Amino acid sequence: MRIVIVGAGKLGYTIAELLTGDKHSVVVIDKDASQLTAVKDTLDVMTMVANGASPVTMDDPEVEGADVFIAVTEVDEVNLIACILAKKHGIKHTIARVRDMQFITEAGDYLRENFDTDLMINPELIAANEIFRILMTPAALNVDDFAEGKVRLFEAKIKSDSKLANIPLKELKLPTGVLAGLIFRDRQMIIPHGDDFFQPGDNAYFIGFPGAIEKFSSKFVRRDSKKLERVMIVGAGRIGRTLAIMLSELGVSVKIIEKNPEVCREVAGILPDDGIVLYGDGTNLDLLVREGVTNADVVVCLTEDDKLNLMIALLAKHLGAKKTIVRIYRTEYADLIETVGIDVVISARLLSAGEVLAFVRRGGGARVSILEGAKAEAVEVIVREGAEVAGKKLMELKLPKSFLVCAYVRNKVAAIPNGHTILLPGDRTILFCLRGHAQEAMKYFGVGD
């Protein structure tokens, strides 16, 4: 598949990286030649110095006839115009980055219908929703739903006193409807088998029925944990203000610290009356103590600076905050940040790139969740007629160890497979795949042949 990406910034780079890993032919366009340097030097893509919203660019042989057109510049209007031009020049599918929250929340349907855009991605809104889902599941480092909510993924840290530790998985008695799917240990992703076991410090991924996962996840919640009541947010950008409104609507007490006085005034005008916006520096120890960081259930660090977010989260932990969430721009920092005790690391770029990847794979993979900085993926794929997996017991297939069949949905009913399970055409199947093996895995299901 040939895919054109307009905008070679951080999001454009991440999308290009994931798509080339899926063996697509990618063209990256930017009118600033310096923006293309990193893409050109590190990825196997074609680059063009050009205006991505120009009719002249659309007539270029490398752009004309592309399968998917993705516009992710910093300017919403440029992205929308580029998608309109792409459609008028015969490109069937278009994706636009739209950062203005009003566009998405108030005019989303209108834009899709009248601006020829098949998918609009708002990295900040996606990140706010992800943080909100994690906060609603107290023990989770990550939580995601598949198959229209019939299957749930849940990630948690294995504690030193966990009853799940040091027992071979073939002997581990997990609740009905819950499967152990992945282990993240020492910066390596492991698809476990019967003789593998969890160790203290592992990030463990489980998948199963939502009700079973919800009940199972309670085992990871500290006994002294209480209902989410107080959240401190440092940084009142798009993610911070969106998250604050979502939490306030649930009755959670939200306190925002922001060092830009104009942003403080703006956010104060849109928060509910019980929301508090403070003008100040999130690295100021006295301010954090005075404003109750010690009593905060969660401190969410959302400034524009990765290092600053890490520093604030460490200070909050030192002062007694129960849980910290850090937003990062540079995904290579994720492993380092987690090793120093930060609970959850969020990358808006990776989450958004995952949405794009899911759209590109829409022929068979209806859902993609990028895990641990793209070291693995959770993939939803529909079994096709004539697929290698169809009509055979899983234990007879000798599938590669680079992926694991975790769950499937048939006739709207979810099930956890075992060696005797026989998948049928039309089954909606959820897989855990190691990095770079998703395309290989999907071929077994009749997708990508």
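Let me begin by describing the structure that accompanies this report. (Residues numbered from 1 in each chain as written. Predicted model: local features only at pLDDT ≥ 70, side-chain atom pairs only at ≥ 80, totals over all residues. Heavy atoms only, no water.)

Here we look at the pattern of salt bridges
Now for step 1: Applying the stated criterion across every chain, the model contains 18 salt bridges.
Now for step 2: A salt bridge links Arg-241 to Glu-266, with the shortest nitrogen-to-oxygen separation between them at 2.8 Å. In this pair, Arg-241 is assigned in helix H8 (residues 238-248) and Glu-266 in helix H9 (residues 261-268), connecting sequence segments 25 residues apart.
Now for step 3: For Glu-266, a relative accessible area of 45% translates into the label partly exposed.
Now for step 4: Where Glu-377 meets Arg-361, a salt bridge forms, and the shortest distance between an N and an O atom there is 2.8 Å. Residue Glu-377 is located in strand S19 (residues 376-382), and its partner Arg-361 is located in the loop between helix H13 (348-360) and strand S18 (365-371); the two are separated by 16 residues in the primary sequence.
Now for step 5: Classification of Glu-377 by relative accessible area gives buried; the value is 9%.
Now for step 6: Using a relative accessible area of 5% as the deciding quantity, one classes Arg-361 as buried.
Now for step 7: Here the salt bridges share partners, and the residues they tie into one network are Glu-74, Arg-97, Arg-99 and Glu-124. (Salt bridge = Lys/Arg side-chain N within 4 Å of Asp/Glu carboxyl O. Helix = DSSP H or I, 4+ residues; strand = E, 2+ residues; numbered from the N terminus. Buried < 20%, exposed > 50% of the residue type's maximum accessible area, 1.4 Å probe, protein only.)

Considering H9
Now for step 1: Buried within H9 we find Val-263, Cys-264 and Val-267. Along the axis of H9, the buried positions cluster into a sector of 105°, meaning they face one direction only. Exposed side of H9, more than 90 degrees from the buried face: Glu-262 and Arg-265 are the residues found there.
Now for step 2: Residues of H9 that are buried sit in contact with H8, strand S13 (253-258) and strand S14 (276-279).
Now for step 3: Its side-chain oxygen at 2.9 Å from the backbone nitrogen of Glu-262, Asn-260 defines the N-terminal cap of H9. (Arc of directions from axis to C-beta. Contact = heavy atoms within 4.5 Å. Polar contact = N/O pair within 3.5 Å; in protein donor to acceptor, adjacent residues only side chain to side chain.)

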